[in-house]
Structure formats: C-alpha cells, structure tokens
Amino acid sequence: MEAVPGSFEIENGHPYLVGTKCSKCGSAFFPPRYVCPYCLTDEGVQKARLGNKGTLYSYTVIHISSKEFNPPYAFGYVILEPEKIRIPAVLTGFDLTKELKSGIKMEMVIERLRTDEQGNEIVSYKFRPVIT
C-alpha cells in the first residue's frame, strides 16, 4: 500500500515521482499543484512524471518521532533533476553514524516506510546516495 497514493510510478523497474508542470511557464511542482504560483494560471497545469535523481540539499537525523516510525532515521531535501525543485524525503541507504555531505548525488527508491496497525506494509519514495 502506498503512503500517498499516486505520488510515484514505476516504469521498467525505475521509480519516478508524479507531480505537475505548468505548460505556460514550465515550472514543476511536487506535491502536485493546480494553480501555478509563479504565473498564477490554473489552465495548463498538468500531471507530469518528474525525475528520480537529484542532489542532497540538506538533512537531519531524527532521534525522537511519532509512534509510527522507528528512530533514528534521516530526513532531508533533495533538489530534483532536471526540474530543480526541492523534494522532502526520508533518506536511506547509508550509515547514520557517518555524515552525508550536501551536494552528493541521490537516487529515488521505493521502500517500506512503516507498518500500519493492521500489519500492512506502507511503502513510499525515499532517496539514497548514488553508489559509484
């Protein structure tokens, strides 16, 4: 089960975020918007598949959280490419005792976010460092 239904798609084994793009000024948005805040149009804002790679902007390690999540875990912002928009995301795929550096390349993955009260696995997009 998806944490936010419709927030991502998988094509040929690769996940992509689903947002919107303004056909008037070209701006992209995630989560989706229905009015462009830049050119103020509500016409031509359409569903769009966005990128799945980016650059780490900033992050923090959460040590205390709600009962649905198991701390510690990392949360941050990734500047999505090619859209150049900041995406909030749980970060994964690295040792929390070692620091990440802003500016490193990140890629999107789909992983378990949590388990609900009925035992169902809830999945979501996350970003992890690109392994070179």
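Right, let's walk through the structure included here. Everything numeric in this text was worked out from a predicted model, so none of it was measured. (Residues numbered from 1 in each chain as written. Predicted model: local features only at pLDDT ≥ 70, side-chain atom pairs only at ≥ 80, totals over all residues. Heavy atoms only, no water.)

A few points about the environment of Gly54
Take Gly54: it is sitting in strand β5 (residues 53-62). Distance in space between the C-alpha atoms of Gly54 and Pro15 is 13 Å, their sequence separation being 39 residues. Leave out the neighbours within four places in its chain, and Gly54 touches Val78, Ile79, Leu80, Glu81, Ile104, Lys105 and Met106. (Helix = DSSP H or I, 4+ residues; strand = E, 2+ residues; numbered from the N terminus. Contact = heavy atoms within 4.5 Å.)

Comments concerning the pairing of strand β9 (residues 121-129)
The buried fraction of β9 is high, at 7 of 9 residues. Pairing of strand β8 (residues 105-115) with β9, which is carried by 9 bridges, proceeds in the antiparallel orientation. Its bridge partner being in β9, Met108 is matched across the sheet by Phe127. What sits between β8 and β9 in their antiparallel hairpin is a turn of 5 residues, with Gly119 showing a positive phi close to 90°. (Buried < 20%, exposed > 50% of the residue type's maximum accessible area, 1.4 Å probe, protein only. Pairing = 2+ DSSP bridges.)

Quick notes on the pattern of salt bridges
Applying the stated rule across the entire model yields 7 salt bridges. For Glu81, the salt bridge is made with Lys105, and the minimal N-O distance between the two is 3.3 Å. One end of the pair, Glu81, is in strand β6 (residues 73-81); the other, Lys105, is in strand β8, and 24 residues separate them in sequence. In this structure Glu81 comes out as partly exposed when scored by relative accessible area, which is 27%. Residue Arg128 is joined to Glu107 by a salt bridge in which the shortest nitrogen-to-oxygen separation is 2.8 Å. Here Glu107 lies in strand β8 and Arg128 lies in strand β9, a separation of 21 residues in the sequence. Residue Arg128 is classed as partly exposed on the basis of its relative accessible area, which comes to 30%. Through salt bridges that share partners, Lys53, Glu107 and Arg128 make up one connected network. (Salt bridge = Lys/Arg side-chain N within 4 Å of Asp/Glu carboxyl O.)

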